[in-house]
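Residue-level structural notes
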4 protein chains.
Amino acid sequence: MSLSIAVLGAGRIGKVHAAAIAATPGARLAAVADAMAPAAEALAAAYGCPVRTIAEIAAADDVDAVAICTPTDTHAELIELFARAGKPIFCEKPIDLSLDRVRQCLAVVAETGTPLMVGFNRRFDPHFVAVKRAIDDGRIGAVEQVVITSRDPGLPHLDYLPRSGGLFRDMTIHDFDMARHLLGEEVASVMATASVLVDPRVRELGDVDTASIILTTASGRQAVITNSRRATYGYDQRIEAHGSDGMVSAENQHEANVTIASAAGYTRPPLQNFFMDRYAAAYAAEIASFLSALTNGTPMLTTGHDGYMALALAEAASRSAAEGRRVDMPEILGD
Amino acid sequence: MSLSIAVLGAGRIGKVHAAAIAATPGARLAAVADAMAPAAEALAAAYGCPVRTIAEIAAADDVDAVAICTPTDTHAELIELFARAGKPIFCEKPIDLSLDRVRQCLAVVAETGTPLMVGFNRRFDPHFVAVKRAIDDGRIGAVEQVVITSRDPGLPHLDYLPRSGGLFRDMTIHDFDMARHLLGEEVASVMATASVLVDPRVRELGDVDTASIILTTASGRQAVITNSRRATYGYDQRIEAHGSDGMVSAENQHEANVTIASAAGYTRPPLQNFFMDRYAAAYAAEIASFLSALTNGTPMLTTGHDGYMALALAEAASRSAAEGRRVDMPEILGD
Amino acid sequence: MSLSIAVLGAGRIGKVHAAAIAATPGARLAAVADAMAPAAEALAAAYGCPVRTIAEIAAADDVDAVAICTPTDTHAELIELFARAGKPIFCEKPIDLSLDRVRQCLAVVAETGTPLMVGFNRRFDPHFVAVKRAIDDGRIGAVEQVVITSRDPGLPHLDYLPRSGGLFRDMTIHDFDMARHLLGEEVASVMATASVLVDPRVRELGDVDTASIILTTASGRQAVITNSRRATYGYDQRIEAHGSDGMVSAENQHEANVTIASAAGYTRPPLQNFFMDRYAAAYAAEIASFLSALTNGTPMLTTGHDGYMALALAEAASRSAAEGRRVDMPEILGD
Amino acid sequence: MSLSIAVLGAGRIGKVHAAAIAATPGARLAAVADAMAPAAEALAAAYGCPVRTIAEIAAADDVDAVAICTPTDTHAELIELFARAGKPIFCEKPIDLSLDRVRQCLAVVAETGTPLMVGFNRRFDPHFVAVKRAIDDGRIGAVEQVVITSRDPGLPHLDYLPRSGGLFRDMTIHDFDMARHLLGEEVASVMATASVLVDPRVRELGDVDTASIILTTASGRQAVITNSRRATYGYDQRIEAHGSDGMVSAENQHEANVTIASAAGYTRPPLQNFFMDRYAAAYAAEIASFLSALTNGTPMLTTGHDGYMALALAEAASRSAAEGRRVDMPEILGD
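Cut-offs applied
- Here the residue numbers are simple positions, counted from 1 along each chain's written sequence.
- Lettering for chains starts from A, numbering for ligands starts from 1, and both go in the order in which the items are written.
- Local features in a predicted model are, by the rule used here, given only for residues with pLDDT of at least 70; side-chain atom pairs are given and counted only at 80 or more, and totals for whole chains, interfaces and linings are based on all residues.
- Each side-chain value is derived from all of the structure's non-hydrogen atoms; neither hydrogens nor water enter the calculation.
- Counting from the N terminus, the helices are the DSSP runs of H or I reaching at least four residues and the strands are the DSSP runs of E reaching at least two.
- For this measure, only C-alpha atoms enter the radius of gyration; the expected value for a globule follows 2.2 Å times N^0.38, where N is the number of residues.
- Contacts are residue-level and defined by heavy atoms, with any inter-residue pair within 4.5 Å sufficient.
- Only the protein chains shown count as cover for residues, and all accessible areas are computed by the Shrake-Rupley method using a 1.4 Å probe.
- We score Asp and Glu as negative and Lys and Arg as positive, and we do not count His or the chain ends.
- For charged residues, the charge sits on one atom: NZ in Lys, CZ in Arg, CG in Asp, CD in Glu.
- Here a salt bridge means any side-chain nitrogen of Lys or Arg lying within 4 Å of a carboxyl oxygen belonging to Asp or Glu.
- Polar contacts here mean pairs of N or O atoms no more than 3.5 Å apart (in protein, one a potential hydrogen donor and the other a potential acceptor; neighbouring residues in sequence count only if both atoms are side-chain atoms).
- The nonpolar class holds Ala, Val, Leu, Ile, Met, Phe, Trp, Tyr, Cys and Pro. Asp, Glu, Lys and Arg form the charged class, and all remaining residues, Gly among them, are polar.
- By the convention used here, strands pair only if DSSP detects at least 2 bridges between them.
- Axes here refer to lines fitted to C-alpha atoms; in helices the fit is confined to the stretch in contact. Angles between the N-to-C directions go from 0 to 180 degrees.
- Only residues with pLDDT of at least 70 in both copies contribute their C-alpha atoms to the least-squares superposition of the copies.
- When a residue's accessible area, from a 1.4 Å probe over protein chains only, is under 20% of the maximum for its type it is buried; when over 50% it is exposed; and in between it is partly exposed.
- Start and end positions for the domains come from either an automated domain assignment or a database one.
- Each of two parts loses accessible area, computed with a 1.4 Å probe, when they are put together; buried area is these two losses added.
- Multiplying 1.5 Å by the residue count of a helix minus one yields the expected span of that helix.

Looking now at the overall build of chain A. When its secondary structure is counted, chain A shows 14 helices and 14 strands. Relative to the globule expectation of 20 Å for 335 residues, the C-alpha radius of gyration of chain A, 20 Å, shows essentially globular dimensions. Taken over the C-alpha atoms alone, chain A extends approximately 55 × 55 × 45 Å along its principal axes. In chain A, of all internal contacts separated by at least 6 residues, the share reaching a separation of at least 24 is 70%. A total of about 11,900 Å² of accessible surface is found on chain A, and carbon and sulfur atoms cover 52% of it. Distance between charge centroids for chain A: 2 Å, based on 29 positive and 41 negative side chains.

Before going further, it helps to spend a moment on the interface of chain B and chain A. In this assembly, 38 residues from chain B lie in contact with 38 residues from chain A. Where chain B meets chain A, there are four salt bridges. Of the charged contacts in the structure, one is a salt bridge between Arg238 of chain B and Glu240 of chain A, with a shortest N-O distance of 2.5 Å. Seen at the junction of chain B and chain A, the total is 28 residue pairs in polar contact (both at pLDDT 80 or more). Among the secondary structure elements, those contributing two or more residues to the side of chain B that touches chain A are strand 6 (143–151), strand 7 (187–195), strand 8 (210–217), strand 9 (222–228) and strand 10 (236–243) of chain B. Of the residues that constitute the side of chain B that touches chain A, the class distribution is 11 nonpolar, 17 polar and 10 charged.

Before going further, it helps to spend a moment on the sheet that holds strand 1 (residues 3–8) of chain D. All names here are of chain D. One open sheet accounts for five strands, arranged 2-1-3-4-5; its pairing is parallel. The strands lining the two open edges of the sheet, one partner per strand, are strand 2 (27–33) and strand 5 (116–119). Averaged over all adjacent pairs, the angle separating strand axes in this sheet is 20 degrees, with direction ignored. Relative to strand 2, strand 1 runs parallel, the two sharing six bridges. Its bridge partner being in strand 2, Leu3 is matched across the sheet by Ala27.

The operation linking the two copies of the chain is a rotation about an axis combined with a translation along the axis. Of the transformation placing chain C onto chain A, the axial shift is 0.0 Å and the rotation is 180 degrees, giving an RMSD of 0.0 Å. Here the symmetry operator amounts to a two-fold rotation axis. Taking C-alpha positions as the reference, the residue of chain C nearest the rotation axis is Thr267 of chain C, at 2.1 Å.

Below, the discussion takes up the environment of Val32 of chain D. Residues and elements named next belong to chain D. Position of Val32 among the secondary structure elements: in strand 2. Of the residues examined, Val32 reaches a relative accessible area of 0% and is grouped as buried. Along the primary structure Val32 and Ala44 are separated by 12 residues, whereas in three dimensions their C-alpha atoms are 5.9 Å apart. Residues contacting Val32, with those up to four places away along its chain left out, are Val7, Ala10, Ala40, Leu43, Ala44, Cys49, Pro50, Val51 and Arg52.

Before going further, it helps to examine the domain arrangement of chain A. All names here are of chain A. Taken domain by domain, chain A comprises domain 1 (3–114) and domain 2 (123–279 + 310–333). Each of domain 1 and domain 2 has a C-alpha centre, and these two points are 28 Å apart. Contacts between the two partners involve 10 residues from domain 1 and, on the opposite side, 14 residues from domain 2. When the two sides are added together, the surface that domain 1 and domain 2 hide from each other amounts to roughly 900 Å², 70% of it contributed by carbon and sulfur. Looking only at domain 1, the three residues that lose the most surface to domain 2 are Lys93, Leu97 and Leu99, adding up to 60% of its buried area. The interface formed by domain 1 and domain 2 holds zero salt bridges in total. For the interface between domain 1 and domain 2, the tally reads one residue pair in polar contact (both at pLDDT 80 or more). Where the side of domain 1 that touches domain 2 is concerned, the elements lending two or more residues are helix 1 (12–23) and helix 5 (99–112).

This part covers the interface of chain C and chain A. Counting residues at the interface gives 15 residues for chain C, matched by 15 residues for chain A. Taking both partners together, chain C and chain A bury about 1,100 Å²; carbon and sulfur atoms supply 58% of that area. Counting across the chain C and chain A interface gives three residue pairs in polar contact (both at pLDDT 80 or more). Among the secondary structure elements, those contributing two or more residues to the side of chain C that touches chain A are strand 12 (258–262) and strand 13 (265–268) of chain C. With four residues, the top contributor of residues to the side of chain C that touches chain A is strand 13 of chain C. The class makeup of the residues in the side of chain C that touches chain A is eight nonpolar, six polar and one charged. For strand 13 (residues 265–268) of chain A and strand 13 of chain C, the ladder comprises three bridges, and the chain directions are antiparallel. Looking at the pairing, Tyr266 of chain A lines up with Arg268 of chain C of strand 13 of chain C.

Next up on the list: helix 5 of chain A. All names here are of chain A. For helix 5, with 14 residues, the first-to-last C-alpha span of 20 Å sits near the 20 Å given by 1.5 Å per residue. Looking only at helix 5, the buried set comprises Leu99, Val102, Cys105, Leu106, Val108 and Val109. Structurally, helix 5 contributes buried residues whose contacts are with helix 4 (72–84), strand 5 (116–119), helix 13 (304–323) and helix 14 (329–333). Its side-chain oxygen at 3.2 Å from the backbone nitrogen of Asp100, Ser98 defines the N-terminal cap of helix 5. Downstream of helix 5 by a residue or two, Gly113 has a phi angle that is positive, lying close to 70 degrees.

As structure tokens, then:
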């Protein structure tokens, strides 16, 4: 393997992916681009690679693929640009907040045949991988109910919320993807309830911060997702899958695997605080999977279609919560 | 304390309550009644008390209170009979499968002023009591989401199902009561989905075996319940309550608190198999609470109203699942 | 089964055994004796049985067996008395603090052929029973190392210490018995170290409060015991057995099986505080075993020989710690 | 920070340290040396650095420090060489298997004033770091007993055993260092027992495979270590420290943090198999600590003295087990 990858966007997640690329034997960070010059320069310097513009990267012969880590509202356009330039694309989720825009964008990708991977990092978390493997190995029989607990340690900056697409598109989207990943059958209908319990300013911004969602498939399999924008004890990320023969679960990751016992009881540290810690191994494995698929010419494990379907479930949940009714997926997918 | 209690119904749960009464200092098993004479005689012999008819017990001066452990379809009538006889009543849940009949029955109880306790045994489980205490002590702040996992080890006898009132009234009713107990606010609306995944004969009997339910209160608090009539690993009974300041959970009880480690991994025994084991301490504490309330003249901790409200939630869930819509509680409660 | 048992000694442990006897179908509390009349009367009244003297009990035709729960320095004499009276005996550990006295006493028991059970309650704890069963079922292969953690929540009354026989004879004796029970081979040598770390007054009383002990069998199997007279987090009682094919362990019992998560971490309640809580099920099972052996005429599961051997190990540990050397068991046993 | 480090020895642990150096911002792999040319070349190629001889490295101006990862019997000589060359040294444990040789070597180091770090990687494990921090923060009060469980998944190649120095010098040496690290007071005496239970060929090679050790300090603090060369369930590495106010423990690391529940019980995967997995983070942190001490001119956290003292405890344990007696440390240290 010898691959030169350009990273677009030198923010928090761009740095994570740049580090993963640099650490991969045979992969090379080819260039960094960012609208903010100082950010681009700092990241490029750290790994000894040049800063380039988007256009230069698209035209460069020595760039084999790109990782799009820019703000959400640029994703679709950049995907189309690089699809047309024939450069394989890793793009952070979501493709776009509009289902229509995602459809257009994926049509371009399909037309050009350019490989596209959408960054659903959790599928690459080693603990969740072990859950999926247990299911695939038949350890729990036929999947019947999936229960996903997903609670952020705290609200994002309130400035971000209006651009986030709302709780379901911004946060639950990962859980929707995981539910699809584990259910083994597409979701047929969605029921959701959502409230503002964490901070009343969330309501003023037209969003919610606490939600419960039920997904049902045609054969009656169910997934239940509970979300909150606050967990005082850290980043709560758990999965249970119940099947005809048993159950598999992935527990949380604590800051350290220690216990202090005293008259107050037995205390373990809080959970790893947020995604940069909790999913560090997942981010590395995700990029490794992208590089490996490129090298071997195998299909991407998380596709544009996965990005589309997770967004469609977010759309359905949003309507269900707003209108107090079950939303059947054909209404969203237009099938 | 010196109390003489008659047990009506010498089946499985009647035996449990008889034993609890006999083991309580100052309480005495006064009599046993059962339509099946041999069952009544065996239970009476075990504790050295007489067999009597219902009518004899109702008229007896030496019976201070009764425990109704007969089949469900006799509960309401017996409650009315003993309410009119002025004998305090402990009655197994449910009061009846019909909300209207429960209303009538409770009207009689209210009229007579006879104390009535409805047996929601889980409120007395020491682990769930610790959950409730943590909430009441403010350990997790304001409750926001309650997550209840309740999975039976296996289907009941299929003969029983048609008389059970269906999954929601027979099994989930305990979870509805627990949700009300922990939410600290009445439920405003119910969303449910239900399937037949365990055994297709359940469908032929007009019932379901797998369900997910979301309850929402007026202020936006949520409770999520997941149910299945099958858990290969034992009786899965867990509770999580999430609040503004933290989370409290009650974990499962294994057959023994041991672990065997080998090349196959670390294995703990399955869970205690079913309610007779899992809730043994709860049944004892429940009867102790009943006896204590009688002795001290304090209110019962689980009332006829609790029985009515849990059944109303079951009714709402049943409609929601059948009709694929959110059901608002005024529709059921007629408020 | 129909057995009438007299309880000698109406203190804390006498009450526990009296309750267990009264709760057993077919067993009956025949009489209570205690040098302190009020204690005897209170216990007798609670279960509706008479107070009698030791002599009356020994002579009584309607007493089938006795449970000796009196102070340690009376055990050997009472065992001899009731052995000669031909009444099967349950006796709390230890038989005596002097190995020679134990030998004499057991000689009388052997001569009379009277059944004797010595109360090593921990062998009857359901969790430790599960450990033993795992070993007996071959789940861990041949036993190689046994690790026993045994820490009291706090010092006993200092008044008691001089009569206790010292840490090894009073507290570790249970661990010695458990080590013998699990090792499957007699101990050949003992190494021990002991300190006063908890309270300097313990040193003034000629005792120790913190100890570590290694037991080795002829074939090289090892047992390690750690003891302290203080554990701020409750009564710490754990066992691990390592074998050629794996490991089995019994974990501690918390006050309730709940967890509170907050910014301070994940907290479980302290352990059950002391033996009356932790071993409640063991005490009941122990008496059940005694009654069952009497009824069925089967051998006692914990014998006078077990009492002797555990005391011999305590003697060896005591010498090892005092003299800073390994003590080989023939030195103690005089083999 | 800008540091050029040469790695001596391109075997398993040399590769780990080379990777850690290459991944550290500001650090650079300067050269690789190995008696086996192909091994040196492969490692050098992977990180784009030259292969050099020991002599070249000692003389090179562009090498700031060295990491000695060669076989044990070369350590002392290499340390002396580089100490005289004035190049700061990281050396894998042990310095040598002979206490006398270690003394000589450390005398050279002391004379030259060259910084030396000995690789006791476990002190850098994040979970054990959390244990130490809990102690240092006073969370458990004064340390009283330390319990270390250390069991390898399997025997090393039998060819290696004769060169290993024996179980105590090869394997327990890490546990001796950890005991010193946590006890907060030097060990005054050692008692050990050792057996061959895993494989009789170990006996033929003059070694043991199963051991239990008690360390005691002058004030009576105790440490207990249990070792085996076999654990079917993975690499068992646990620590407990008991203090006057409580206990802190570090649990094991499983292959993944998942559980499968079925009729057979609740099963978690085996433990991470051996040190390369279990201590991956520790190795990285260890090298980071070495680089950081060099950069900042601060003392090394694990010194030559630590290497000497751990070896002295191994010597004492060896004698204690062989001669069946307590060994007081002055006998070994010649104080």
